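Here's the letter readout for the chains.
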Amino acid sequence: MKFLYENQKIEQEDLIKSINTNKSLHPYFESNFKDVRPKNYCGFLSVDKQNYFILPKITSDEIQNLNSFIYMLIYAYDIKLSNETLLSAKNQEHSIFEVFIRLFADELLRELKKGVFKQYINMQENLKVLRGKYIIEKNFNNFYHQNIFCEYDEFSMDNKLNHFFIYALRIFKKYSSYQNLYRCESILDEVSHFNIDFKRLNIYFDRMNSRYRKSYKVALMLLQKFIPMVEKGKDESFAFLFDMAEVFEKFVGKLYREIDSSSVLQKQGSFGNLVLKPDIYTSSLIVDTKYKKINDIGDLSIQDKYQMFVYGVNFDVKNTMLLYPKHLVDIDEYLKLGKDEKMINLRLKSLDLSFSGGYDEFVCETRERLEIINGI
């Protein structure tokens, strides 16, 4: 396993060539005549059977960076891993993609063994005998006189949720030989196989299928972050990348909910034709996370100042904060935006994500650091 870092120059010539020739990777890398660098995306990259881990630059210690990234992922996306599985990811016995595939397959198999989810599906068929409802208009033009057009409901495993699972299993089997993937597929052998647009798929969960929610969430996250690399004779190459701005926002937002249960994430407010949605809202503080590197107040963009001023004035909250991940230096700045009754207080703070212990200790320590930032 080789390590790369976000926003740092890639030295491997073969990898640079693959990135430049794969259009599917272009949104995730910055390429110019000088060099190629990962943007703010981290995760796993497999090219020509060579594996790479793209990491955030949290500390100067490679293992700490790897561990902190894995901890942030599983906390932000609410993924429960056993100690054994977590250790295999940290020790690089399996890629993070393989770890999540195994988590999905194990969880799905556990629920399938309890019973495959079935639901009533409306069917229309031209049958030899009457079944269900006789369809008058279709039978007028029925050229097969010995048959009858019928409409009926069938209690079947061939439903949307299982279509999704079969689709996910077939994708994951291309990149993993984990046996539980095959066991799941064999149990769902009566489910139709076809390509689906998982981005538009709307699955409704109720008491009948709610036990499959975790499997669905993990599979959906895997498919959303998975980037196949289309090269002749290189079907096994792929990327599994996370937008670190999204990870950081989810991670901090979940911590805030634990610190203050009244916190609202992505609160939307409409003010005339203006629609605003700050990352974290409380009655006394608005917080917006910014996954970018700044060293002092001089790096603060005017756009970010305007954004926080607009949030404060319209939501009528006087205290706002821009929260950054800590890089080389701590950020601790205080500004006043506007004047008189429209003055908004803006703090710039950085959250230290470095840690050398285990997962639970990491979450606990980071939560305490956030409480200190908030003066709790």
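Residues numbered from 1 in each chain as written. Predicted model: local features only at pLDDT ≥ 70, side-chain atom pairs only at ≥ 80, totals over all residues. Heavy atoms only, no water.

## Observations concerning the overall build of the chain
The helix and strand inventory of the chain stands at eleven helices and 18 strands. Judged by the C-alpha coordinates and their principal axes, the chain covers about 85 × 55 × 45 Å. Sorting the 376 residues of the chain into buried and exposed places 47% on the buried side. Taking the contacts inside the chain whose residues are at least 6 apart along the sequence as the reference set, 66% of them involve residues at least 24 apart. If you sum the accessible surface of the chain, you get close to 20100 Å²; carbon and sulfur atoms cover 47% of it. (Helix = DSSP H or I, 4+ residues; strand = E, 2+ residues; numbered from the N terminus. Buried < 20%, exposed > 50% of the residue type's maximum accessible area, 1.4 Å probe, protein only. Contact = heavy atoms within 4.5 Å. Areas by Shrake-Rupley, 256 points an atom, 1.4 Å probe, with all protein chains shown as cover.)

## Here's the deal with helix H10 (residues 302–315)
The end-to-end C-alpha distance of H10 is 20 Å, a good match for the 20 Å that 14 residues give at a rise of 1.5 Å each. Taken residue by residue, H10 has Asp304, Met308, Tyr311, Gly312 and Phe315 as its buried positions. Taken around the axis of H10, the buried residues stretch over an arc of 95°, which confines them to a single face. With respect to the buried face of H10, the exposed residues turned more than 90 degrees away are Ile302, Gln303 and Tyr306. For H10, the secondary structure elements touched by its buried residues are strand E12 (269–271), strand E13 (274–276), strand E14 (280–281), strand E15 (286–289), strand E16 (319–325) and strand E18 (344–351). Once H10 ends, the next one or two residues include Asp316, with phi positive near 55°. (Expected span 1.5 Å × (residues − 1). Arc of directions from axis to C-beta.)

## Some details on the pattern of salt bridges
Scanning the model with the defined rule gives 19 salt bridges in all. Between Lys225 and Glu246 there is a salt bridge, with its nearest N and O atoms 2.8 Å apart. Here the residue Lys225 occupies a position in helix H8 (residues 213–225), and Glu246 occupies one in helix H9 (residues 244–259), the gap between them amounting to 21 residues. On the accessibility criterion, Glu246 (27% relative accessible area) is partly exposed. In this structure, Lys326 and Asp330 form a salt bridge, with 3.8 Å as the shortest nitrogen-oxygen distance. Through salt bridges with shared partners, one network takes in Asp288, Lys290, Lys292 and Asp304. (Salt bridge = Lys/Arg side-chain N within 4 Å of Asp/Glu carboxyl O.)

## Points about the packing of helix H4 (residues 96–114) against helix H7 (residues 179–187)
Running from N to C, H4 and H7 point in directions that differ by 35°, and their axes come no closer than 9 Å. Relative to H7, the crossing made by H4 is left-handed. Residues Ile101, Phe104, Ala105, Asp106, Leu108, Leu109 and Leu112 of H4 form the contact with H7, whose participating residues are Asn180, Leu181, Arg183, Cys184 and Ile187. Tallied by class, the residues present in the contact of H4 with H7 amount to nine nonpolar, one polar and two charged. (Axes fitted to C-alpha atoms, helices over the stretch in contact; angles between N-to-C directions. Left-handed = near helix turned anticlockwise from the far one by under 90°. Nonpolar A, V, L, I, M, F, W, Y, C, P; charged D, E, K, R; others polar.)

## Topic: the layout of surface pockets
Of the volumes computed, that of the largest pocket is approximately 360 Å³. Along the wall of the largest pocket there are 14 residues; nearest its centre are Ala76, Tyr77, Asp78, Ile79 and Lys217. Those elements that provide at least two residues to the lining of the largest pocket are H8 and H9. When residues in the lining of the largest pocket are grouped by element, the largest group, seven residues, is from H8. (1 Å grid on protein atoms, 1.4 Å probe; cavity = no way out; pocket = protein on both sides within 12 Å on 5 of 7 lines; lining within 4 Å. Points joined across faces, edges and corners; volume = space filled by probe spheres on them.)

## Topic: the sheet that holds strand E11 (residues 264–265)
With mixed pairing, six strands are arranged side by side in an open sheet as E11-E14-E15-E16-E18-E17. Each end of this open sheet is capped by a strand with a single partner; those strands are E11 and strand E17 (332–337). The strands that H9 touches are E11, E14, E15, E16 and E18; relative to E16, the one it contacts most, it runs at about 130°. The strands touched by helix H11 (residues 359–373) are E16 and E18; relative to E18, the strand with the most contacts, the crossing angle is about 155°. (Pairing = 2+ DSSP bridges.)

## Here we look at the packing of aromatic side chains
Here the structure, examined in full by the defined rule, presents 30 aromatic pairs. Both rings, one in Tyr75 and one in Phe251, keep their centres 5.3 Å apart while their planes meet at 75°; by these two values the pair is edge-to-face. Of the two residues, Tyr75 is situated in helix H2 (residues 62–76) and Phe251 in helix H9; the sequence distance between them amounts to 176 residues. Judged by its relative accessible area of 0%, Phe251 is buried. Positioned above the aromatic ring of Tyr281, the side-chain terminus of Lys267 is 4.9 Å from the ring centre. (Phe/Tyr/Trp six-rings, centres within 6.5 Å; stacked < 30°, edge-to-face > 60°. Lys NZ or Arg CZ within 6 Å of the ring centre and 35° of its normal.)

These figures capture arrangement, not role.
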